[in-house]
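# Structural characterization, general
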Amino acid sequence: FFFQAEDGIRDTSVTGVQTCALPIYLTNEIEKLENVSKTEDGLNWRKCEKVESFDLDPQQVFKINRETILIVKVDNSFHAINEKCPHMNLTMKGGKVDQKTGTILCAWHNTTFCYKTGEVRDWIKVSKPAKFLMKTLMKSNKQADGSLDMDPVDIETYPTQIIDGYVWVGLH
């Protein structure tokens, strides 16, 4: 009996134990990791996507470590924010970007944030009758109850840079 690896290497010589001699390509894995991540100025930088890919899809989401990051292309610059709105943890992807005011809208509850600083510009901007209706409907949901009365919370932002035609995001 013998095991055969994908690369054709097989091993039947170990004392009664069937093994498979697989070469370890650790050097290649380290090189791959070095090509997609780096540490600089106290930040851990991750390579995300080619700059050109944002021409067709100006808002793209990336999972980096435990963070879900939304990168938004505005003109020829890139801005990275937490992909989840701090109000109810709903996605920011697809939110309307207003270049004039420098904001992105969380369409779920009509909240806007500065995409450069993360600062709240408008928090749950809905009419009083709409807010009353929403509160009434949310009363039956313990998790959602009170969420319309939350104090404003800024959204987290992350620095970006372009290296060799790719967008990189820095995390602490």
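What you see is a predicted model; the values in this text were computed from it and never measured.

### Some remarks on the state of the cysteines
The tally for this structure, following the rule as stated, stands at zero disulfides. The thiol sulfur of C106 is not disulfide-bonded, and the nearest other cysteine sulfur, from C85, lies at 3.8 Å. By relative accessible area, C106 is classed as buried at 2%.

### Section: the sheet that holds strand β14 (residues 166-171)
Overall, antiparallel pairing links the four strands, which are arranged β3-β4-β14-β13 in an open sheet. Strands at the two margins of the open sheet, each flanked by one partner only, are β3 (37-40) and β13 (160-163). The average undirected angle you get between the axes of adjacent strands in this sheet is 35°. Pairing analysis gives six bridges linking strand β4 (residues 43-50) to β14, with the strands arranged antiparallel.

### Re the nonpolar core
Soluble, globular proteins show a tendency: their nonpolar side chains are buried together. One finds L70, I81, M92, I104 and F113 to be the most contacted residues of the largest nonpolar core, which totals 14 residues. If you list the elements that add at least two residues to this core, you get β6 (67-74) and β9 (103-106). Looking at this core element by element, the count peaks at three residues for β6. Grouped together as the second largest cluster of nonpolar side chains are 13 residues, V51, F62, I71 and V169 included.

### Concerning the confidence of the model for the protein chain
The predicted coordinates ought not to be read in detail in places where the model reports low pLDDT. With 67% of its residues at a pLDDT of at least 70, the protein chain reaches an overall mean of 80. Within the protein chain, no element has a lower average pLDDT than strand β2 (residues 10-11), which sits at 38, and none a higher one than strand β7 (residues 77-82), at 98. For residues 1-17, every residue scores under 50 in pLDDT, and the model assigns this stretch 25 contacts once sequence neighbours within four places are set aside.

### Comments concerning the pairing of strand β5 (residues 59-64)
With six bridges joining them, β5 and β6 adopt antiparallel strand pairing. Following the sheet pairing, K63 is matched in β6 by T68. Between β5 and β6, which pair antiparallel one after the other, the connecting turn spans two residues, and N65 there sits at a positive phi close to 55°.

Calculation rules
Residues numbered from 1 in each chain as written. Predicted model: local features only at pLDDT ≥ 70, side-chain atom pairs only at ≥ 80, totals over all residues. Heavy atoms only, no water. Disulfide = S-S within 2.5 Å. Buried < 20%, exposed > 50% of the residue type's maximum accessible area, 1.4 Å probe, protein only. Pairing = 2+ DSSP bridges. Helix = DSSP H or I, 4+ residues; strand = E, 2+ residues; numbered from the N terminus. Axes fitted to C-alpha atoms, helices over the stretch in contact; angles between N-to-C directions. Core = buried A, V, L, I, M, F, W, Y, C linked by side-chain atoms within 4.5 Å. pLDDT = per-residue confidence, 0-100. Contact = heavy atoms within 4.5 Å.

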